[in-house]
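Survey of secondary and tertiary structure
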Amino acid sequence: MELLEPAGSPTAARKSPLNLKKEIGRYLKKWPWILLSILLFYIAAKVYLRYTTDIFLTKSSVKIENLEKGSLGAIQNMGSVPMMAKQGAGVEIPIILSRPILYDVVKTLNTDVLYKVKGQVKDQELYREAPVDIRILSLKEGYHFAGRTYTYIDKGNASFELKGGDGKVHRLPYNTVCTLDFGTFIVKPKAGFRSKEPMEVHFMNAVKVAEGLQSSIIIAENELNTEILELSHRSQVPDKSEATLNTLVMQYNKADLENKREQSKVSLAFIDERLEVLTQDLGSIENQKEGFKRQNQITDLESQAQMSLQNANENTKALLEQATQLEMVNSVLNVANRSSREQLLPAGVGLPGGVDQAITQYNDLVIARNRTLRQATPANPAIQEFNKEIASLKSLIQDNLVKSRQSIQMNISRLNGQLNESKSDISKFPTQEKVFRNIDRQQNLKESLYLYLLQKKEETSIAMAVTMPKVRVVNPAYTQAGPVEPKRQQIMLGSLAAGLVLPLLVFFVLFTFDTQVKSKNDITEALPDLPVLAEVPTVGKNESDLIGKNDLSVYAEAFRILTSNLKFMLNKQQTAPVILFTSSVKGEGKTTVSVNSALALASNKKVLLIGADLRNPQLGRYIPQKMLGLSDYLAQDDSVDFRTYIKPSSLHDNLDIMQSGSIPPNPTDLLEDHKMGSLLDQLRAFYDYILIDSAPMMMVSDTFHLLRSADVVVYVVRANYTEKELLTYAGSVAEDENVSKMAIVLNDVHKNEMRYGYGGKYSYGYEADHSNNSWWTNLKSRL
């Protein structure tokens, strides 16, 4: 509340721009709600962190050894078959996370049985601390087994009880195969552990647990070294995660070694088969050679043809080498042509052009396909992809073998031609020499092949016995210090931010959709040309809405300021001014404002208050005695004295009242009659101020007939009640040609919305000091 600025002054006429301080102040006034929201979110975050299970991150890193020569090693790359480009360790990720390997991990660690101890709020999973070791031996439903939960209770005397969810209790012995409706299992108590309280035991399907591991274990290539894989796993039990990662690496190495041994067995079987055939061939050639010498009586022909056959020997040597390679190519090609997709090809048998490396890769793909086929159907996309790669690589091997055979045959043809030329030079030798050489050449060929296969057999046996693991552990599994979930700092900061932002958003929505007048600023922004006489504060629940004599309350001071501003507007008028109190709609407090304004003026002046709301009179709330009034006077003829309708009020000695009187059927006609104007003219001589409490202007037209008789129109607006749109109507009333002066009174304003109000930011106490009020009282007043 402040003194009135002159209407039409630059300050009053200037429309206020957006006041950022005011907008921020609207939110700051709601600080108790914001503080309460932050506190609630903080408590909620604390409770959530208190009862949320911690998740730990376990990591490990391994290196995939690049065995470029394969498990058999020893054949030189001759360049006929192109080597496949070196790939990163990422190609091994699907194999490491394959279901068979993960299934072996689950069964090795026995993680298809889960132990939990119930707490007051959350359960605690046991791993190494479990008092017993339960192993599932078989499941009746197989893959379709969905799990079963029992309550384990130790009964001593080498027995225990399992209580199902249906309440059925099974008493079973330790260290014995037990059978229930889902399958068989065995329970072994751990040494040094004793179950003091019931424990939940969850029997799960190992296949489904393996599927869960497949999605929870994350493997990625190291950014700096593509041969290193980084493994990570999140769980509630760090020991369990560490054991899972370490066992996963161990099972992968185990599976890889088994695959290499299987491949070596196939190669050994092939070599043994060829050695048996060569042994028979060599025996037949030896017998043929012996019979030929005996028949032809040949002893030593070398010395006879040494000089002549020198060139032929060189060609023969080369021919032997080519024939050896041709024999191996034909043998492997025959095996490749008649083998199916599920069969392995012999590797490491000395094929030319790097074909052995391609066969090793082919065998790896076949082994991986067969292992995956155990857990999937042939229609599985992974199996289809394996089939495509196997078919493509097999076709490449066959093409290279055919090309190698053609190349060797061309070399043999060339060498035979050279050998024929040499034979023409030694045509003088006996026919026996030629036959003997042919027999000897075949013998040498078979012997060299026989010795070569013996060497390969030994190498394969050694490789099968000493094969190194494919994965080398760089960092054994370890758990990072502290949980990774929940993220305590982020949750706490997020809760504080949410506690701050949420009420601000709520208040923003409320402020946006709030169309009611709140403070004087709302009026000055909408009606910059109309002065605001005063801001009347809200009356407490147990307080009277009428001011008393020598009343020093904030409420009474508001009406003193109102009357002071009225006097300023009237500018010392010579005759008694007529002040008309009205509003837009019912309930805005115009009667209360008019009565208290009359009381404030009556402190030193003679005041008359007229009740002109003929349809719904409200003065009776403050002056309850029934009497004739304005309507009765206006309905009489001119000979009636108006003073008989005016009575002293019981509120103040200087305040008289003319009530509205009987409710007439034609109030508009009565107020429009010239007699009303004549009455006011006569009253000016008897009183210093004449106040009229009229009807709301938007509801009835009665008040419009009084506008021309009023020196000042006081338009009452109620905070948190009057819609802002109604201010536009008040502005149109001010522009009426019958209105000489008009001002606004803002009624029922909360003290926190008053700009300079008593009890507000710049309070000045006329009453007793309230500084001793409790903080709770102050807080409630803000809420």
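Rules used in this analysis
- Residues numbered from 1 in each chain as written.
- Predicted model: local features only at pLDDT ≥ 70, side-chain atom pairs only at ≥ 80, totals over all residues.
- Heavy atoms only, no water.
- Patch = residues over 30% accessible without salt bridge, like charges linked within 9 Å, V, L, I, M, F, W, Y side chains within 5 Å.
- Areas by Shrake-Rupley, 256 points an atom, 1.4 Å probe, with all protein chains shown as cover.
- Salt bridge = Lys/Arg side-chain N within 4 Å of Asp/Glu carboxyl O.
- Lys, Arg positive; Asp, Glu negative; His and termini not counted.
- Charge placed at Lys NZ, Arg CZ, Asp CG, Glu CD.
- Helix = DSSP H or I, 4+ residues; strand = E, 2+ residues; numbered from the N terminus.
- Pairing = 2+ DSSP bridges.
- Axes fitted to C-alpha atoms, helices over the stretch in contact; angles between N-to-C directions.
- Core = buried A, V, L, I, M, F, W, Y, C linked by side-chain atoms within 4.5 Å.
- Buried < 20%, exposed > 50% of the residue type's maximum accessible area, 1.4 Å probe, protein only.
- Contact = heavy atoms within 4.5 Å.
- pLDDT = per-residue confidence, 0-100.

Right, let's talk about a negative patch on the surface for a bit. A contiguous patch of negative charge on the surface is contributed by Asp-637, Asp-638, Asp-669, Glu-672 and Asp-673. Within the secondary structure layout, Asp-638 lies in the loop between α16 (630-635) and β17 (647-648).

We now examine a nonpolar patch on the surface. Taken together, Trp-33, Leu-36, Leu-39, Leu-40, Tyr-42, Ile-43, Val-47, Tyr-51, Leu-493 and Leu-496 make up a surface patch of nonpolar side chains, about 890 Å² in accessible area. Element by element, the count of residues in the nonpolar patch is highest for helix α3 (residues 31-51), at eight residues. Mapped onto the elements of the fold, Leu-493 is located in helix α12 (residues 488-513).

This part takes up the sheet that holds strand β8 (residues 177-180). Pairing within the open sheet is antiparallel, and its three strands lie in the order β4-β9-β8. Each of the sheet's edge strands pairs with one partner strand only, and the pair in question is β4 (132-139) and β8. Ignoring strand direction, the axes of neighbouring strands in this sheet form an average angle of 30°. In terms of strand pairing, β8 meets strand β9 (residues 183-189) through four bridges, oriented antiparallel. In the sheet register, Val-177 faces β9, and the bridge partner there is Ile-186.

Tracing the chain through its elements places Tyr-689 in strand β19 (residues 689-693). Separated by 111 residues in sequence, Tyr-689 and Val-578 have C-alpha atoms that sit 6.5 Å apart.

Generally speaking, soluble globular proteins have nonpolar side chains that are buried together. Ile-610, Leu-630, Leu-683, Met-742 and Ile-744 are the most contacted members of the largest nonpolar core, which has 43 residues in total. Ignoring any residue separated from it by four or fewer positions in sequence, one finds Ile-744 in contact with Ile-523, Leu-527, Leu-530, Pro-531, Val-532, Leu-533, Ala-534, Tyr-715 and Val-717. Core analysis: the second largest hydrophobic core is formed by 36 residues, Leu-275, Val-332, Leu-393 and Ile-412 among them.

Let us look at the confidence of the model for the protein chain. Across the protein chain, the average pLDDT comes to 81, with 85% of residues at 70 or higher. For the stretch residues 756-772, pLDDT sits under 50, and the model shows 22 contacts to residues farther than four places along the chain or on other chains.

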